[in-house]
Every structure is written in structure tokens, then in C-alpha cells.
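# Coordinate analysis (summary)
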Amino acid sequence: MRVLTKSRFKLGLECPNKLFYTGKKEYANKKQEDPFLLALAEGGFQIEEYARMHYPNGVLIEGDDGKYELLWKQTQELLKQENIVIYEAAFLHDGLFIRTDILVKKGDVIKLIEVKSKSFDPNDDYLFVGKRGAMVPAWKPYLFDVAFQKYVMQLCYPDWEISSFIMMANKSARTTINGLNQFFRVSKEAGNRTGVIKTINSLQNAGTSVLEQKNTTAVVTQIINDTIPYSPELTFTGAVEMLKENYLSDTYSSWPTSYSCKSCEFVNNDAEAVLRSGFKECFEKQHNWGEPEFSKPKTFDVWSFRKGAELFNSGIYFMDELTEDSIGLKPEAGRLSMSERQWIQIRKEVDLDTSIHIDVEGLRQEIDDWNYPLHFIDFETSAVPLPFTSGRRPYEQIAFQFSVHTYYQDGRIEHSAQYLNNAKGVFPNFDFVRALREALDKDNGTIFRYSNHENTILNAIYEQLLTADELDSATLIAFIKSISHSKSDSAEKWIGERDMVDLWDVLKKYYYNPLTKGSNSIKYVLPAILNSCKYLRDKYSQPIDKINLTSQNLPTSHVWLTCNGEVIENPYKKLPRLFEDWSEEELDEVVSGMEELADGGAALTAYGKMQYTDISDAELDELSTALLKYCELDTLAMVMLFEHFKEIAE
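We now examine the overall build of the chain. Within the chain one finds 22 helices and 17 strands. In terms of overall size, the chain behaves like a compact globule, its C-alpha atoms giving a radius of gyration of 27 Å where 650 residues would be expected to give roughly 26 Å. In terms of its C-alpha atoms, the chain occupies a principal-axis envelope of roughly 80 × 65 × 55 Å. Every one of the 650 residues in the chain was classed for burial, and the buried ones make up 53%. Summed over its atoms, the accessible surface of the chain is roughly 29500 Å², and 47% of this surface lies on carbon and sulfur atoms. Looking at charge distribution, the chain has the averaged site of its 71 positive side-chain charges lying 4 Å from that of its 98 negative ones.

Dropping the structure here:
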């Protein structure tokens, strides 16, 4: 039985064509295997269980997923009661199906409560709808989700008086107990949809709640009445009818392509791919593209291309159609401007020019300002929805890991420091800064980060220290301010005497490598420089102990680089897989469900597993070891980038 569920409705609002591809095994779907999304989902399940405790003694309808009529009948039977709370109530009407997170029934007066793992400022009067009456774009998917639920419920029960709410974290609220996050354990033995087991029975055991409801009744009514459309092309009622008709009949919507297609999850660019590409089929059907068009460089791929949507709408899809005027080329003195980088990328792609663009003099001047020894740092962090300790707020930053590589003037490279908190329910931030201070305060060497994340995190910990009762708060604050700069909205302004140098910014100023395809992510930059720099290839194709390099996590015989034909393999793929040496019997006891750890999403997921699942000490050690190796490579990658720059500038 095919029905338009609320998740499919939301997907169809993104692009009606996606409904044709979703759920079909023959089509690639990048979102199905995203570890970052997995981590978010599990955090959301904990919030959902926490929210239910605000409405105790509810009846949970679970199991029988996909049996829409059965779930609807179970709900109808429960709704015969005058007063009842139902979790996961199901409603089915003429091909439309929804399930509600929490439904509170008192006669014909109904509260529909949608639970979201998001946070909000309760003092924001324009949270959903801005001052000019337009819906805040970030909230559109969530509010249309609630509107769809209310719409289907009202079709089933026209006489009901339905008010709707979103329950989420109040980012101003502070928990009054320690270990709130530990009361909700993720377990494959949970036996329920969320996979979460509660270790407390009453909300009273959870201290002051950090969740709050925001009334959405007025804005949801406007959505259903088509007063607030999703987009100029999609009203609510029009979308419901079109998406239902097309999904139930399994019809391709032929919705016009747009510049947002660049982020389509139903894409497969592998020439040897077994799975089909929905993205490719859309452009074949709507634009008659063949292999010549798919192989041409596209405007989709131009880095940070803000004019892309406007040009796409005017029929410009390929880089060879772009001009200096069309991209708004505007040089800047002393560095590559954004438009200059874009134009360099465009010309090199079109001309099949694989040479690197370098401002050697600018790069040399930058390097001359750096003080040895050089320190390269990387943080792994999480923003947890449920606070760890009393006094903390939802979604405060948690800094659980760092790595430091030190490069000495004589060329020695030392993996000089690392930190990892893998203890459950421990707020690590202040110990994190203490360990970082110990690692970096021994000299006056220049400190490097890649992008702004580390500066953002240190600013967050600075704010936390201002209200902390740590005996060394002043010392830690002074250290943070010495190696960072204040945020633009900070009450106190500072620029540290050792303010971290951003290698990402250095790269953008002076360097462009066509092998990155416009990306400035270190995960793309690293393979590009390794395949462009013979010095790095020769050096890192040798064992660690042969190249004046130390490691805290890998044997001295480890070799970072191997060659697959003429292409150097990405070192992140050289990281050992998890549980490689475990027996079948031992693997049966693994609860984390992870096989490898080679990106930031997987690192976040691993930390979540450490915190919220009851894993064995052996599995905890395995995940910890993998995290340490991954973070070590992140800082070694920065060292390699510096070495590449240094060789160029000499």
C-alpha cells in the first residue's frame, strides 16, 4: 500500500521529483549512509523520549511499521476514550498517512505536539515569521511538517479543535542535575522505534526541564489556508494534492530542475556505478543531456558561487558559458578575492589546465611571519541536546578531543600532544583547555588551525568559564584569549598575541589546486597536494621512523601513502578499520554498529556511541583508538599542507 507520509511530504517539498526516486533500491541515495545524520537521529530519539515524560502515562503505538490500516485502527480504538495521551498516534485518510509524536486528547480538544531536536530562544518574537511577515526559511520544513499532520488529522476528525506545538530545547534553560544525558540510553535491545531506554521513571527525577513548547497554531493555520506558501511555485494544498497523486501512481513529477539540484542526494557520479542516478535522469529527461553534457564542467561545481542560481535560471549551466562579467570578477589587493578564485577554477576546468595557481611572493611573506616551532591543532566537538552537568544548557559545545603536531625548524615533526575524553557524562571542556594549554604554553611558536572551528570552540569555552567556579578560571581564560580572537558579537573584544593562523585562509589567499575541484575542505585538499607534490609523495611513502616523524597511535613501520596506479590513495582510507582482529563471537557483542572512522561525521557518531550506549570496555577502547588515529591524521594533514607551501616558497 503506497501512502504519502509526512517524511515523504517533506521530501517532496524539497523537490517533487525526489518522490519518484525515494525508497527504490536501484537508485543511489547519499543520505542513507551519512554518519552525521545518524548521530543527529539518535540525539533526536533521546529528546523524543525526554519529551514524552512531560506527558506521562501515554499509550505508545509501536511495531507494525508499514501496516498503515492496522495502525490507524489501533489509534481509532484508543481515541474512543474521552481523555488520553498517545505517543505515535496514526492517521490515515485517502492516501495520506501521518504519525504524531505526542497527541493529547481532552474530549474534542486536541494538542498536537511535534518534538524536534532543535533549540530556540524563548525571547525571540520572530522565531517562525519575520518582522516583514515572511516565514523564516530555516523553519519552513518543520512548520509544513506540522501543518501536514494537522491537515490529515482534521480530515479524519473534522469536529476536532486542534492546536499545534513544537517541543524543543530552550537554549536559555539550565539543567539542575548532573547526568541528564545519561538517563536516556541508546540500545539495540530497547525494543522500541527510538532504540532508547529510560533509566528514570518520572520527570521529577530529571530536575528542571530544558524543553519548552512553542505554539504554532496561528502559523500552521496560515500555511493550511495557503496564506504562507512554501515557495512561489508551491502552496500547501497544491503540494498535498500533487505529491499524493504522483507518489501513489509512482509518476515522475517532471518538476523543473534548479541550481539546488547540486545538493541532490540521488546522485551517482561513478562511471562504473551499479546504482542509478536520479540527478542524471532528471537532466536527461528535462534537458536532453547526454554524456558530452554530463562530462562538461558545470556551474554547480564553482566554489561558493552565489550567482549560480541566477545564471542557472537564465539557462547558463556550464563553466564554458561563464565570463568575467557574468561572475562579477572583482580583484582584491594582496590576496585572491572570492571571484578571482572562482575565475581561476573556471578557466582551469574549461582549459583542462592542471597546473597549480600560486602567489609565491604572498605565500613567502606569510611564512616569514611564522615563529618556530610551529603547532598544528585540530578539535573534535559535539553540541549535545541534553546537558552533561548541572548548570549547563542544551546544545552547548562539548570539546572532547584534540591533536597537536609540532614542526621544528630543523624539519623534525612530532605528534606532540593529544587529548580524548571518553568517560560517560563528563563535561570535558575545562580539562580540555588545561591539556591544550600544557601542550602549547611551552614556547611562543605559531599555532595553526584549519578554518574557523577551533576559534569558535575556544570562544564558547571562554563564555562557559566566565560563569564557572573553577579555581583556575582566570588562567584558562587568559590562555584562551592569548591564542584566539573574539567573536564579532562578543561583549569583550580581543586579538591574542598568538592568535591562531588559519591555514584555510592562507590557502584561499594564495593557492589554487585544480585537483580540489574548487573545494577547500582539508579532506579534498590533502589528496590534491599529495598528487601534485613529489616531495610529499616521496617522503610519506616511507615508514614513519624513516622520515623524522613521531606518532602516538601508530607503529613506526606505518606508511601513510600508497600508490594505486598513478594516483596516490587518500591517507584517510589508510586508517585501520574497526574491529579488524575481532572474532565472530566478539563481533556479535558489538553495539556501536560502526566499521570505520575516517571523517568528522563518523567521529561525532563514535563519541555519541561512547556517551549513550552501554558498550563494553573493549569496544570503548576500539572506538577511542580509532578516534585518536583519525584526529592525528587531521593535524598531520595540516603539516603536509605547510610542507607543500614551504617547498613552493623556498
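Glancing now at helix 4 (residues 68-78). By the burial criterion, the buried members of helix 4 are Y68, L71, W72, T75 and L78. Axial view of helix 4: buried residues confined to an arc of 120°, hence all on one face. Along its buried surface, helix 4 packs onto helix 1 (6-14), strand 1 (59-60), strand 2 (83-93), strand 3 (96-106) and helix 5 (140-156).

By the secondary structure assignment, I457 is in helix 15 (residues 453-466). For the pair I457 and V506, spaced 49 residues apart in the sequence, the C-alpha separation amounts to 20 Å. Beyond its immediate chain neighbours, meaning those up to four positions away, I457 contacts F379, T381, Q397 and A399.

Right, let's talk about the sheet that holds strand 8 (residues 211-215) for a bit. The strand order 1-2-3-4-5-8 describes an open sheet built from six strands, whose pairing is mixed. Two strands close off the open sheet at either side, each with one partner strand: strand 1 and strand 8. Here strand 2 pairs with strand 3 via 10 bridges, running antiparallel. Each bridged residue has a counterpart across the sheet, and for I86 the counterpart in strand 3 is L103. Across the sheet, helix 4 is in contact with strand 1, strand 2 and strand 3; its angle to strand 2 comes to roughly 145°. Sheet contacts for helix 5: strand 2, strand 3, strand 4 (109-120) and strand 5 (161-170); angle to strand 3, the most-contacted strand, approximately 80°.

One pass over the structure, following the stated rule, counts 47 aromatic pairs. Note on F283 and F300: the rings are 5.9 Å apart at their centroids and 85° apart in plane angle, and the pair reads as edge-to-face. Taken together, the positions of F283 in helix 8 (residues 278-287) and F300 in the loop between helix 9 (291-295) and helix 10 (308-313) put the pair 17 residues apart, joining distant regions of the chain. For F300, a relative accessible area of 7% gives the class buried. Centre to centre, the rings of F283 and F312 are 6.4 Å apart; their planes meet at 85°, and the pair counts as edge-to-face. Here F283 is found in helix 8, whereas its partner F312 is found in helix 10, with 29 residues between them in sequence. Comparing F283 with F312 shows no difference in burial state: the two are buried. Through pairs of rings, three or more aromatic residues link up here, namely Y259, F279, F283, W289, F294, F300, F312, Y317 and F318. Lying across the ring of F294, K280 places its NZ or CZ 5.3 Å from the centre. The ring of F318 has K296 lying over it, and the distance from NZ or CZ to the ring centre is 4.3 Å.

Let us look at a negative patch on the surface. Taken together, the side chains of E584, E585, E586, D588 and E589 present a region of like negative charge at the surface. With respect to the element layout, E584 can be found in helix 20 (residues 584-587).

The next subject is the sheet that holds strand 13 (residues 447-449). Strand pairing in a sheet takes place through backbone hydrogen bonds and is either antiparallel or parallel in direction. A sheet is described by the order of its strands in space; here five strands give the open sequence 12-11-10-13-14, paired in mixed fashion. Of all the strands in the sheet, just strand 12 (413-420) and strand 14 (501-502) have a single pairing partner and so form its edges. Of the strand pairs in this sheet, strand 10 (residues 374-383) and strand 13 are connected by two bridges, and their pairing is parallel. Residue pairing for strand 13: H375 is matched across the bridge by I447. In the packing of helix 14 (residues 429-440) onto the sheet, contacts are made with strand 10, strand 11 (397-407), strand 12 and strand 13, and the angle to strand 11 comes to roughly 10°.

Bringing the packing of helix 15 against helix 16 (residues 473-483) into the picture now. Put simply, helix 15 and helix 16 touch, their axes get as near as 10 Å, and they point 155° apart. Between helix 15 and helix 16, the angle is such that the two are roughly antiparallel. Crossing of helix 15 against helix 16: the hand is left-handed. Each of L458, I461, Y462, L465 and L466 in helix 15 lies in contact with helix 16, whose residues at this interface are S473, L476, I477, I480, K481 and I483. Residues that form the contact of helix 15 with helix 16 fall into these classes: nine nonpolar, one polar and one charged.

How each quantity is defined
Residues numbered from 1 in each chain as written. Predicted model: local features only at pLDDT ≥ 70, side-chain atom pairs only at ≥ 80, totals over all residues. Heavy atoms only, no water. Helix = DSSP H or I, 4+ residues; strand = E, 2+ residues; numbered from the N terminus. Rg over C-alpha atoms; globule rule 2.2 N^0.38 Å. Buried < 20%, exposed > 50% of the residue type's maximum accessible area, 1.4 Å probe, protein only. Areas by Shrake-Rupley, 256 points an atom, 1.4 Å probe, with all protein chains shown as cover. Lys, Arg positive; Asp, Glu negative; His and termini not counted. Charge placed at Lys NZ, Arg CZ, Asp CG, Glu CD. Arc of directions from axis to C-beta. Contact = heavy atoms within 4.5 Å. Pairing = 2+ DSSP bridges. Axes fitted to C-alpha atoms, helices over the stretch in contact; angles between N-to-C directions. Phe/Tyr/Trp six-rings, centres within 6.5 Å; stacked < 30°, edge-to-face > 60°. Lys NZ or Arg CZ within 6 Å of the ring centre and 35° of its normal. Patch = residues over 30% accessible without salt bridge, like charges linked within 9 Å, V, L, I, M, F, W, Y side chains within 5 Å. Salt bridge = Lys/Arg side-chain N within 4 Å of Asp/Glu carboxyl O. Parallel < 35°, antiparallel > 145°, perpendicular 65-115°, else oblique. Left-handed = near helix turned anticlockwise from the far one by under 90°. Nonpolar A, V, L, I, M, F, W, Y, C, P; charged D, E, K, R; others polar.

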